[in-house]
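Notes for the structure review
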Amino acid sequence: MALSKRVTGKERIDDMTSEERASLIAEIRKEAPPVEVGVKKIISGGQVGADLFGLEVGKELGIETGGTAPPGFQTSKGKQKDLLKGFGLAEGVADPKIYPKRTERNVVDSDGTVLFGRETSPGSRLTKRLAVKHKKPYIANPTAEELSAWLSDNNIETLNVAGNRTVSESMKDVLREGLGKPPAPPVIPVVAPAVVKG
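These numbers come from a predicted model, not from an experiment. (Residues numbered from 1 in each chain as written. Predicted model: local features only at pLDDT ≥ 70, side-chain atom pairs only at ≥ 80, totals over all residues. Heavy atoms only, no water.)

A look at the overall build of the protein
If you tally the helices and strands in the protein, you get eight helices and eight strands. When the 198 residues of the protein are sorted by exposure, 38% land in the buried category. The contacts in the protein between residues at least 6 apart in sequence include a share of 67% that link residues at least 24 apart. (Helix = DSSP H or I, 4+ residues; strand = E, 2+ residues; numbered from the N terminus. Buried < 20%, exposed > 50% of the residue type's maximum accessible area, 1.4 Å probe, protein only. Contact = heavy atoms within 4.5 Å.)

Structural notes on helix H6 (residues 122–133)
A rise of 1.5 Å per residue sets the reference length of H6, with its twelve residues, at 16 Å; its end C-alpha atoms lie 16 Å apart and thus fit the reference within 8%. Following H6 by one or two positions, Lys 135 adopts a phi angle in the positive range, close to 55°. (Expected span 1.5 Å × (residues − 1).)

What to know about the side chain of Asp 51
On the secondary structure map, Asp 51 appears in helix H3 (residues 50–60). Looking at Asp 51, the relative accessible area reads 5%, which means it is buried. Within polar-contact distance, the side chain of Asp 51 engages the backbone nitrogen of Gly 45 at 3.3 Å. With sequence-adjacent residues up to four places away left out, Asp 51 is seen in contact with Ser 44, Gly 45, Gly 46, Arg 102, Val 161, Ala 162 and Gly 163. (Polar contact = N/O pair within 3.5 Å; in protein donor to acceptor, adjacent residues only side chain to side chain.)

As for the pattern of salt bridges
Under the definition given, this model contains ten salt bridges. A salt bridge links Glu 60 to Arg 176; the shortest N-O distance between them is 2.7 Å. With Glu 60 in helix H3 and Arg 176 in helix H8 (residues 170–179), the pair connects residues that are 116 residues apart, well separated along the chain. On the basis of relative accessible area, Arg 176 is assigned to the partly exposed category, the value being 21%. (Salt bridge = Lys/Arg side-chain N within 4 Å of Asp/Glu carboxyl O.)

Focus on the pairing of strand S2 (residues 64–69)
For S2, the tally of buried residues reaches five of six residues, placing the bulk of the element in the interior. Relative to S2, strand S1 (residues 41–43) runs parallel, the two sharing three bridges. From the neighbouring strand, Ile 42 faces S2, where its bridge partner is Thr 65. Each parallel crossover has a hand, and the one from S1 via H3 to S2 is right-handed. Note that S2 and strand S5 (residues 89–91) share three bridges and pair parallel. Bridging from a neighbouring strand, Thr 68 pairs with Ala 90 of S5. (Pairing = 2+ DSSP bridges. Right-handed = clockwise from strand over helix to strand, strands pointing away.)

Describing unusual backbone geometry
The phi dihedral of Lys 135 falls on the positive side, at around 55°, and the residue is not glycine. Mapped onto the secondary structure, Lys 135 falls in the loop between H6 and strand S7 (138–140). A positive phi angle, close to 50°, is found at Asn 141, a residue other than glycine. The topology assignment puts Asn 141 in the loop between S7 and helix H7 (144–153).

Quick word on the confidence of the model for the protein
On average, residues of the protein score 85 in pLDDT, and 80% of them reach the 70 mark or higher. The weakest mean pLDDT in the protein belongs to helix H1 (residues 3–6) at 45; the strongest belongs to S1 at 98. This stretch, residues 1–7, has a pLDDT under 50; its non-local contacts, to residues over four places away or in other chains, come to twelve contacts. (pLDDT = per-residue confidence, 0-100.)

Side note on the nonpolar core
Formed by 21 residues in total, the largest nonpolar core has its most connected members in Phe 116, Leu 159 and Leu 175. Residue assignment for this core shows that the elements contributing at least two residues are H3, strand S6 (112–116), H7, strand S8 (158–163) and H8. Here the element with the most residues in this core is H8; it accounts for four residues. In this structure Leu 175 touches Gly 54, Val 57, Val 114, Phe 116, Leu 147, Leu 159 and Val 161, once residues within four positions along its chain are discounted. Val 48, Ala 69, Phe 73 and Leu 84 belong to the second largest nonpolar core, which has eight residues in total. (Core = buried A, V, L, I, M, F, W, Y, C linked by side-chain atoms within 4.5 Å.)

Now the structure itself:
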């Protein structure tokens, strides 16, 4: 069907009601060829909970991981230098308690942020404020379908995963499904056969 017919005779999309716009977008998406979500890297601040879950899913799916960690690679469970360096995180500069410099660095270094957990927590409020300040898109507590559409609509290649320490591990399923990628096959080490001397 021609776009002009879909617009129901209205000359500009701005003249459409929100229901008409939503219907038009849904119809266009049905007709559009599938587009592979282009996330190439997942970054986070490395905290326990949402941050680490995002990094774990990235590794599982074979997506590059990284980001900026608090000074000293500090987490709510103490210093985690080896763990966070293993995910490609760099140590951030000296920062107050809720790590605004680290949070801002990850927002700036990403194409957009997905937040999981309580949006009214100090860290989530800061992340949203910084995303708006730097004109970076963000989405909070999406379903897998919403995340997939948001990633595609915003052409996200570097995704910042942020949120609360106490989020459910079910957020991993949202990330996996939203990224639309099957888990990477496990790496099986090759072991040389033992040589028996007799």
